[in-house]
Amino acid sequence: MSSISHSTSRRTTLAALAALAATASGLASAQSGAKPDTVRIGYQKSSTLIVVLKTQGTLEKLLAPLGTKVTWHEFTSGLPLLEALNLGNIDVSADVADTVPVFAQAAGAALTFVAQEAPSPSAQAIVVRADSPLKTVADLKGKKIGFAKAAGAHYLLIAALEKAGLSFKDIDPAYLTPADGRAAFERGAIDAWVVWDPFLAAVQRQSNVRILADGRDVASYQRYYLAATPYAQARADVLRVLFAELQKAGAWVKGNPKDAAALLAPVWGLDAATVEQANSRRSYEVRAVLPAGLSEQQRIADAFLSEKLLPRRVNTLDVALFKPGA
């Protein structure tokens, strides 16, 4: 655990230093009037609406008249995605769980919140094998639990443990990507797995599992789209197009569940029924981010700080908010 913590701390420090350089460079470009002619978009497999736009080629068509090309960059989970945003390796991040920006802020990232998906608390859960003796969250004491660090699943676990009268120190954490988590879970290397859709739906349909707890009444699980602040300052026109298309894509996915599942299934490598089940638990309601809407962010940040998982306290309102109508 100490080598993991040391490595993570070193990466966080380097990321913060690189972010300062990237921010200064981006601000200099904005002040000189230069506009980036490419938007580099990072995404995850669970970035449903961005995957829809990527698959349909929507943004390429709409951004061409603005003199902007699109490049796509896939990541395994939200933390490395926002680390790349912090380092200046991408310009825009597809949706990440509400927990992830907190870690990026602690690393000194200059973030602009572009959009928010309304809560989807049942789209992430703590799962155990069907024959597991674990019946309640309280039974997780002393057990090895797998999850992706800084993901929404991470906070769900902390919040669920607290509700059950336990702390993070009462369990043995295993930081695993979704793919590694699934493999560890199925071979019995971990006692429980905390994960989000579509990985949650996939393990429910393909393995014999039980949901121990989901986010209802514990963690609302809002997802955020972000941009590096220098890029947001330079290309608000691009972000306005992106915001409008995300809203349209969200409405299309919810209004056409079978068509959406058919589109996403081959991209995700899942059957359509699994995709449809996963999508049924996500709100996909894209809206502007308002200061009042970030209240849970501070609770998340304070919970991670209390568990000594953040290097310093962050003010979650210390970010820029994109105004799509401006």
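Here the structure is a predicted model, which means the values were calculated and not measured. (Residues numbered from 1 in each chain as written. Predicted model: local features only at pLDDT ≥ 70, side-chain atom pairs only at ≥ 80, totals over all residues. Heavy atoms only, no water.)

A. Layout of the overall build of the protein. A count of helices and strands for the protein gives 13 helices and 12 strands. For the protein, the residues scored as buried account for 54% of the 326 residues in total. Pairs at least 24 residues apart make up 80% of the contacts formed inside the protein by residues separated by at least 6 positions. Carbon and sulfur atoms make up 54% of the accessible area of the protein, which amounts to about 13,400 Å² in all. (Helix = DSSP H or I, 4+ residues; strand = E, 2+ residues; numbered from the N terminus. Buried < 20%, exposed > 50% of the residue type's maximum accessible area, 1.4 Å probe, protein only. Contact = heavy atoms within 4.5 Å. Areas by Shrake-Rupley, 256 points an atom, 1.4 Å probe, with all protein chains shown as cover.)

B. Focus on helix H8 (residues 199–206). Here H8 has its buried residues at Phe199, Leu200, Ala201, Ala202 and Val203. Elements in contact with the buried residues of H8: strand E5 (124–129), helix H7 (178–186), strand E8 (192–196), strand E9 (209–214) and helix H12 (272–280).

C. Region of interest: unusual backbone geometry. With an omega dihedral of 10 degrees, the bond running from Asp197 to Pro198 counts as a cis peptide bond. You can see Pro198 is positioned in the loop between E8 and H8. Unlike most non-glycine residues, Lys308 shows phi in positive territory, near 60 degrees. Structurally, Lys308 can be placed in the loop between helix H13 (295–306) and strand E12 (320–321).

D. Summary view of the packing of H7 against H8. Contact pair H7 / H8: the axes reach a minimum separation of 11 Å and the direction vectors enclose 25 degrees. One finds that H7 runs roughly parallel with respect to H8. Between H7 and H8 the crossing geometry is right-handed. Contacts from Pro178, Arg182, Phe185 and Glu186 of H7 reach H8 at Phe199, Ala202, Val203 and Gln206. Tallied by class, residues from the contact of H7 with H8 come to 5 nonpolar, 1 polar and 2 charged. (Axes fitted to C-alpha atoms, helices over the stretch in contact; angles between N-to-C directions. Parallel < 35°, antiparallel > 145°, perpendicular 65-115°, else oblique. Left-handed = near helix turned anticlockwise from the far one by under 90°. Nonpolar A, V, L, I, M, F, W, Y, C, P; charged D, E, K, R; others polar.)

E. Region of the structure containing the pattern of salt bridges. Scanning the model with the defined rule gives 13 salt bridges in all. Note that Asp37 is salt-bridged to Lys69, the shortest N-O span being 3.9 Å. Placement of the pair is Asp37 in the loop between helix H1 (2–32) and strand E1 (38–43) and Lys69 in strand E2 (residues 69–74), with a sequence separation of 32 residues. Taking relative accessible area as the criterion, Asp37 reaches 43% and is therefore assigned partly exposed. Note that Arg281 is salt-bridged to Asp197, the shortest N-O span being 2.8 Å. Note that Arg281 is positioned in the loop between H12 and strand E11 (286–287) and Asp197 in the loop between E8 and H8, a separation of 84 residues in sequence. Its relative accessible area of 17% is what places Arg281 among the buried residues. Accessibility expressed as a relative area gives 2% for Asp197, which makes it buried. (Salt bridge = Lys/Arg side-chain N within 4 Å of Asp/Glu carboxyl O.)

Function-wise, these values are silent; they only describe arrangement.
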